[in-house]
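Examination of the molecular architecture
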Amino acid sequence: MADLRPLANLAQARLEDARRYPGCVLMLACAGCGWARGYDVGKVINRLYELRDGGFTTLVADVAGSVKRSCPTCKARNWVTKLAYPAHIDARETRRLAGRYRN
(Lines give C-alpha, C1' and ligand atoms only; values in the text may rest on other atoms or scores of the structure.)
Protein backbone atom coordinates (compact mmCIF):
# COMPACT_ATOMS: atom_id res chain seq x y z
CA MET A 1 0.00 0.00 0.00
CA ALA A 2 1.21 3.50 -0.78
CA ASP A 3 2.29 5.86 1.95
CA LEU A 4 -1.12 7.48 2.35
CA ARG A 5 -3.03 8.12 5.57
CA PRO A 6 -6.82 8.14 5.00
CA LEU A 7 -8.80 10.87 6.75
CA ALA A 8 -11.27 9.47 9.28
CA ASN A 9 -14.99 10.20 9.60
CA LEU A 10 -15.49 11.43 6.04
CA ALA A 11 -17.90 8.78 4.76
CA GLN A 12 -20.24 11.38 3.22
CA ALA A 13 -17.52 13.82 2.08
CA ARG A 14 -17.77 15.47 -1.32
CA LEU A 15 -14.84 16.35 -3.54
CA GLU A 16 -15.33 20.02 -2.72
CA ASP A 17 -14.59 19.22 0.94
CA ALA A 18 -10.94 18.57 0.06
CA ARG A 19 -10.22 22.31 0.31
CA ARG A 20 -10.78 22.03 4.08
CA TYR A 21 -7.82 19.65 4.26
CA PRO A 22 -4.82 21.40 2.64
CA GLY A 23 -2.43 18.99 0.97
CA CYS A 24 -4.85 16.06 0.85
CA VAL A 25 -5.22 13.83 -2.20
CA LEU A 26 -7.87 11.44 -3.46
CA MET A 27 -6.70 7.94 -2.60
CA LEU A 28 -7.72 5.27 -5.10
CA ALA A 29 -7.22 1.85 -3.52
CA CYS A 30 -7.92 -1.71 -4.58
CA ALA A 31 -10.05 -3.47 -1.96
CA GLY A 32 -8.66 -6.81 -3.08
CA CYS A 33 -4.88 -6.44 -2.84
CA GLY A 34 -4.40 -3.07 -1.11
CA TRP A 35 -2.66 -1.28 -3.99
CA ALA A 36 -3.18 2.48 -3.59
CA ARG A 37 -2.27 5.72 -5.30
CA GLY A 38 -3.00 9.37 -4.58
CA TYR A 39 -4.46 11.75 -7.17
CA ASP A 40 -4.79 15.53 -7.17
CA VAL A 41 -8.41 16.34 -6.29
CA GLY A 42 -8.60 19.29 -8.70
CA LYS A 43 -7.52 17.13 -11.62
CA VAL A 44 -10.07 14.48 -10.67
CA ILE A 45 -12.84 17.09 -10.58
CA ASN A 46 -11.80 18.41 -14.01
CA ARG A 47 -11.72 14.89 -15.44
CA LEU A 48 -15.19 14.11 -14.08
CA TYR A 49 -16.49 17.31 -15.74
CA GLU A 50 -14.90 16.30 -19.05
CA LEU A 51 -16.53 12.89 -18.88
CA ARG A 52 -19.85 14.42 -17.73
CA ASP A 53 -19.71 11.99 -14.81
CA GLY A 54 -19.67 14.40 -11.86
CA GLY A 55 -17.93 17.42 -10.42
CA PHE A 56 -17.44 19.35 -7.18
CA THR A 57 -20.46 17.84 -5.45
CA THR A 58 -19.64 14.21 -6.27
CA LEU A 59 -19.29 12.05 -3.17
CA VAL A 60 -15.72 10.85 -2.68
CA ALA A 61 -16.96 7.26 -2.37
CA ASP A 62 -18.80 7.53 -5.72
CA VAL A 63 -15.62 8.36 -7.66
CA ALA A 64 -14.62 4.68 -7.42
CA GLY A 65 -17.55 3.81 -9.68
CA SER A 66 -16.13 6.02 -12.43
CA VAL A 67 -12.81 4.14 -12.59
CA LYS A 68 -12.93 1.78 -15.57
CA ARG A 69 -9.43 0.31 -15.49
CA SER A 70 -8.31 -2.79 -13.65
CA CYS A 71 -5.92 -2.88 -10.71
CA PRO A 72 -2.32 -3.03 -11.99
CA THR A 73 -1.43 -5.65 -9.35
CA CYS A 74 -4.33 -8.11 -9.12
CA LYS A 75 -6.39 -7.11 -12.22
CA ALA A 76 -9.58 -6.75 -10.13
CA ARG A 77 -12.01 -3.83 -10.42
CA ASN A 78 -12.90 -3.46 -6.78
CA TRP A 79 -11.99 0.20 -6.15
CA VAL A 80 -12.37 2.30 -3.01
CA THR A 81 -11.81 6.07 -2.88
CA LYS A 82 -11.09 8.22 0.17
CA LEU A 83 -9.45 11.52 1.00
CA ALA A 84 -5.97 10.98 2.41
CA TYR A 85 -2.77 12.75 3.35
CA PRO A 86 0.53 11.70 1.79
CA ALA A 87 3.10 10.47 4.32
CA HIS A 88 5.25 13.61 3.95
CA ILE A 89 2.42 15.91 5.10
CA ASP A 90 2.55 16.54 8.85
CA ALA A 91 0.68 19.01 11.09
CA ARG A 92 3.24 21.75 10.50
CA GLU A 93 3.03 21.39 6.72
CA THR A 94 -0.77 21.41 6.90
CA ARG A 95 -0.73 24.73 8.78
CA ARG A 96 1.74 26.17 6.26
CA LEU A 97 -0.45 25.15 3.31
CA ALA A 98 -3.58 26.49 5.02
CA GLY A 99 -1.89 29.86 5.49
CA ARG A 100 -0.72 29.85 1.89
CA TYR A 101 -4.21 29.08 0.54
CA ARG A 102 -5.81 31.65 2.84
CA ASN A 103 -3.47 34.43 1.76
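Relevant structure appears above.
I will try to describe carefully the structure that is included in this document. In this text, all values refer to a predicted model and were calculated from it rather than measured experimentally. (Residues numbered from 1 in each chain as written. Predicted model: local features only at pLDDT ≥ 70, side-chain atom pairs only at ≥ 80, totals over all residues. Heavy atoms only, no water.)

**So, the overall build of the chain**
Helix and strand content of the chain: two helices and four strands. In sequence order, the secondary structure elements of the chain are arranged as β-β-β-α-β-α. For the chain, whose C-alpha radius of gyration is 14 Å, the value lies close to the compact-globule estimate of 13 Å for 103 residues. Long-range pairs, those at least 24 residues apart, make up 63% of the contacts in the chain between residues at least 6 apart in sequence. Accessible surface, the chain as shown: approximately 6800 Å² in total, 48% of it carbon and sulfur. Of the side chains in the chain, 18 bear a positive and 9 a negative charge, and the two mean positions are spaced by 2 Å. (Helix = DSSP H or I, 4+ residues; strand = E, 2+ residues; numbered from the N terminus. Rg over C-alpha atoms; globule rule 2.2 N^0.38 Å. Contact = heavy atoms within 4.5 Å. Areas by Shrake-Rupley, 256 points an atom, 1.4 Å probe, with all protein chains shown as cover. Lys, Arg positive; Asp, Glu negative; His and termini not counted. Charge placed at Lys NZ, Arg CZ, Asp CG, Glu CD.)

**What about the sheet that holds strand 3 (residues 36-39)?**
Note: strands within a sheet are paired through backbone hydrogen bonds, in either parallel or antiparallel orientation. Spatially, the four strands line up as an open sheet ordered 1-4-2-3, and their pairing is antiparallel. In this open sheet, the two edge strands, each paired with only one partner strand, are strand 1 (4-6) and strand 3. Each strand axis lies, on average, 45 degrees off the axis of its neighbour in the sheet, ignoring direction. Here six bridges tie strand 2 (residues 25-30) to strand 4 (residues 79-86), and the two strands are oriented antiparallel to one another. (Pairing = 2+ DSSP bridges. Axes fitted to C-alpha atoms, helices over the stretch in contact; angles between N-to-C directions.)

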